[in-house]
Amino acid sequence: DSYFCTALPVGSEHQTLTKFVPKARQEVVHHMLVYACESKPEPKRPMKVRTKGGEEIEVWNCLEEPTCVSSSSNYETGKIIYAWALGAGNLETGPDAGFVVGSRAGIEAPYLVLQSHFLNAVSNETAAEVAEVEMHATSKFPEKV
């Protein structure tokens, strides 16, 4: 089993996430979790990997370090906002609901972290596998949070 995390800055004061589309094969990926983090994750032992599109990103081993790790704390500070496991489908919140993230005071979730649990260790056969979640967002605040 392998657990990998990668961080993504929200990039604005607030966004409302309204739809999550998982992209993973259940034969390879057991589950994926999306966390909202209070600060930029700063793993002690990051690794660089290339996405299918050729972009270099930073990942870290989530079994050895917390998901929302920061230099000022050694404990988990994130909140799970989405979970996918073994063949589940898309999640759409509906027109008047959503998950608000961003750097604005009161929200304090400027980073998202995707935690992926791969069933098998990385090998030549699984190197091309992906575990990703496509997220749809709007700048509107939902009526129901």
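Model, not experiment: these values are computed from the prediction.

Engineer: I'd love a proper account of the overall build of the protein chain, names of residues and values included.
Structural biologist: What the protein chain contains, in helices and strands, is 0 helices and 10 strands. Secondary structure elements in the protein chain, listed N-terminal to C-terminal, are β-β-β-β-β-β-β-β-β-β. In the protein chain, 81% of the contacts between residues at least 6 apart in sequence involve partners at least 24 apart. When the accessible area of the protein chain is evaluated, it comes to approximately 8400 Å², of which 50% is carbon and sulfur surface.

Engineer: Please give an account of the side chain of T16 that cites residues and values.
Structural biologist: You can see T16 is positioned in strand β2 (residues 15-23). Relative accessible area serves as the criterion here: at 1%, T16 is assigned to the buried category. Among the polar contacts listed, one links the side chain of T16 to the backbone oxygen of K140, at a separation of 2.6 Å. Those residues within four positions of T16 in sequence are excluded, and the remaining contacts are A97, G98, F99, V100, H136, A137, T138, K140, F141 and P142.

Engineer: Run through the nonpolar core, naming residues and quoting values.
Structural biologist: One finds V29, M32, V34, I81, V101, L112 and V133 to be the most contacted residues of the largest nonpolar core, which totals 18 residues. At the level of secondary structure, the elements contributing two or more residues to this core comprise β2, β3 (29-37), β6 (79-85) and β9 (111-118). No other element matches the 4 residues that β3 contributes to this core. Setting aside chain neighbours within four positions, we find M32 in contact with P22, K23, A24, Y82, A83, W84, L114, Q115, S116, A131, E132 and V133. Counting residues in each nonpolar core, the second largest holds 10 residues, with C5, C37, Y111 and V113 among its members.

Engineer: Give a detailed account of the packing of aromatic side chains, specifying residues and quantitative values.
Structural biologist: A complete count under the given rule lists 3 aromatic pairs for this structure. Pairing F4 with F118 gives two aromatic rings, centres 6.3 Å apart and planes at 65 degrees, and the pair type is edge-to-face. Here F4 is found in strand β1 (residues 2-9), whereas its partner F118 is found in strand β9, with 114 residues between them in sequence. Note on F4: relative accessible area 22%, which makes it partly exposed. According to the relative accessible area criterion, F118 is buried, its value standing at 16%. When the ring of F20 is compared with that of Y82, the centres are 4.6 Å apart and the planes differ by 5 degrees; the resulting orientation is stacked. Here the residue F20 occupies a position in strand β2, and Y82 occupies one in strand β6, the gap between them amounting to 62 residues. When its relative accessible area of 0% is taken as the criterion, F20 is described as buried.

Rules of the game
- Residues numbered from 1 in each chain as written.
- Predicted model: local features only at pLDDT ≥ 70, side-chain atom pairs only at ≥ 80, totals over all residues.
- Heavy atoms only, no water.
- Helix = DSSP H or I, 4+ residues; strand = E, 2+ residues; numbered from the N terminus.
- Contact = heavy atoms within 4.5 Å.
- Areas by Shrake-Rupley, 256 points an atom, 1.4 Å probe, with all protein chains shown as cover.
- Buried < 20%, exposed > 50% of the residue type's maximum accessible area, 1.4 Å probe, protein only.
- Polar contact = N/O pair within 3.5 Å; in protein donor to acceptor, adjacent residues only side chain to side chain.
- Core = buried A, V, L, I, M, F, W, Y, C linked by side-chain atoms within 4.5 Å.
- Phe/Tyr/Trp six-rings, centres within 6.5 Å; stacked < 30°, edge-to-face > 60°.

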